Amino acid sequence: MINYMKAGQLDNAQHALQDIFEKNFSSGPMSVDLAKCLMFAMIGTMLKTLDGMAIPEESFMDTLQPIARLLGCESVPEMKSVMLDILIQVCDYVEKNKKSHNTDIIDLVLGHISEHYQDVNLSIITIAEHMDVHSSYLSKFFNEQTGESMLDTINKTKLDKAKELLGEGWSIGDTAVKVGFYNSNAFIRVFKKYEGITPGQFKSML
């Protein structure tokens, strides 16, 4: 259950909680006092798990109020219901924070590309080194989160800037250098791949 909580996997966490209930209550009725001991032990495990995940928001814990809510329970079914609700809130909180963290990483990558698109050495490897992560991991993560490869994003960023410069009257050669291509041939090849026309044809249409 701890691992499922850390991953924010509510369905699996609920199944684990149900297994705990079944193993502890299947032998027969349990007194409210004994049930509370079990629930408090489980709450203690939850709190230790949250503490280990470095969840600092006091407002969340104030809203959760696991101890107070369990103390107010007068029956075992009520305690089970409270435990399930607490578990749902914890998993939901973890999942939302995980998504927020993912968004922060993508924003950092996009910001780095936007700032360094003029660098001819800009690549998945250099971005990964800057962020101190493995390039294959970052590449896969970026693709999963955005639905687009990092290389495509780099090239499209370069081309968006290139089209602005071409529209301002820059030459193809100067534009290629300005947006981070080794030479005009590489620029023309990438431009045609993504735009379907050459930079020269693009200029003639302006």
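Residues numbered from 1 in each chain as written. Predicted model: local features only at pLDDT ≥ 70, side-chain atom pairs only at ≥ 80, totals over all residues. Heavy atoms only, no water.

Undergrad: Can you walk me through the nonpolar core in this structure?
TA: By size, the foremost hydrophobic cluster in this structure holds 27 residues, and its most contacted members are Phe25, Met39, Leu70, Met83 and Val90. Among the elements of the structure, α2 (10-25), α3 (32-52), α4 (58-64) and α6 (76-116) are those that each provide at least two residues to this core. The element that contributes the greatest number of residues to this core is α6, accounting for 10 residues. Excluding anything up to four places from it in sequence, Phe25 contacts Met30, Ala35, Leu38, Met39, Val76 and Lys80. Core analysis: the next-biggest nonpolar cluster, separate from the first, contains 13 residues, Tyr117, Leu159, Leu165 and Phe191 among them. (Core = buried A, V, L, I, M, F, W, Y, C linked by side-chain atoms within 4.5 Å. Buried < 20%, exposed > 50% of the residue type's maximum accessible area, 1.4 Å probe, protein only. Helix = DSSP H or I, 4+ residues; strand = E, 2+ residues; numbered from the N terminus. Contact = heavy atoms within 4.5 Å.)

Undergrad: What's the story with the confidence of the model for the chain in this structure? I'm lost.
TA: Atomic detail in the predicted coordinates should be set aside for any region of low pLDDT. Across the chain, pLDDT averages 86, with 95% of residues at or above 70. Across the chain, the secondary-structure element scoring lowest on mean pLDDT is α4, at 71, and the one scoring highest is helix α9 (residues 150-167), at 96. (pLDDT = per-residue confidence, 0-100.)

Undergrad: Looking at this structure, I do not really get the environment of Tyr4. What am I missing?
TA: Take Tyr4: it is sitting in helix α1 (residues 2-7). Separated by 178 residues in the primary sequence, Tyr4 and Tyr182 place their C-alpha atoms 48 Å from one another. With near-sequence residues (within four places) excluded, Tyr4 lies in contact with Gln9, Asn12, Ala13 and Ala16.

Undergrad: What exactly am I supposed to notice about the layout of surface pockets here?
TA: Any empty space left between atoms is shown by rolling a water-sized probe over those atoms. Of the voids in this model, the largest pocket is the one considered here, and its volume is about 240 Å³. As for the largest pocket, its lining consists of 14 residues, and the residues nearest its centre are Leu122, Leu151, Asn155, Lys158 and Phe181. At the level of secondary structure, the elements contributing two or more residues to the lining of the largest pocket comprise α9 and α11 (184-195). When residues in the lining of the largest pocket are grouped by element, the largest group, 4 residues, is from α9. The residue makeup of the lining of the largest pocket, split by class, is 9 nonpolar, 3 polar and 2 charged. (1 Å grid on protein atoms, 1.4 Å probe; cavity = no way out; pocket = protein on both sides within 12 Å on 5 of 7 lines; lining within 4 Å. Points joined across faces, edges and corners; volume = space filled by probe spheres on them. Nonpolar A, V, L, I, M, F, W, Y, C, P; charged D, E, K, R; others polar.)

Undergrad: For this particular structure, what's the right way to read helix α8 (residues 135-146)?
TA: Because each turn of an α-helix spans 3.6 residues, side chains separated by three or four positions end up pointing in the same direction. With 12 residues, α8 extends 16 Å from end C-alpha to end C-alpha; this agrees with the ideal 16 Å at 1.5 Å per step. Within the sequence span of α8, burial applies to Leu138, Phe141 and Phe142. Along the axis of α8, the buried positions cluster into a sector of 100 degrees, meaning they face one direction only. Opposite the packed face of α8, turned more than 90 degrees from it, sit the exposed residues Lys140 and Glu144. (Expected span 1.5 Å × (residues − 1). Arc of directions from axis to C-beta.)

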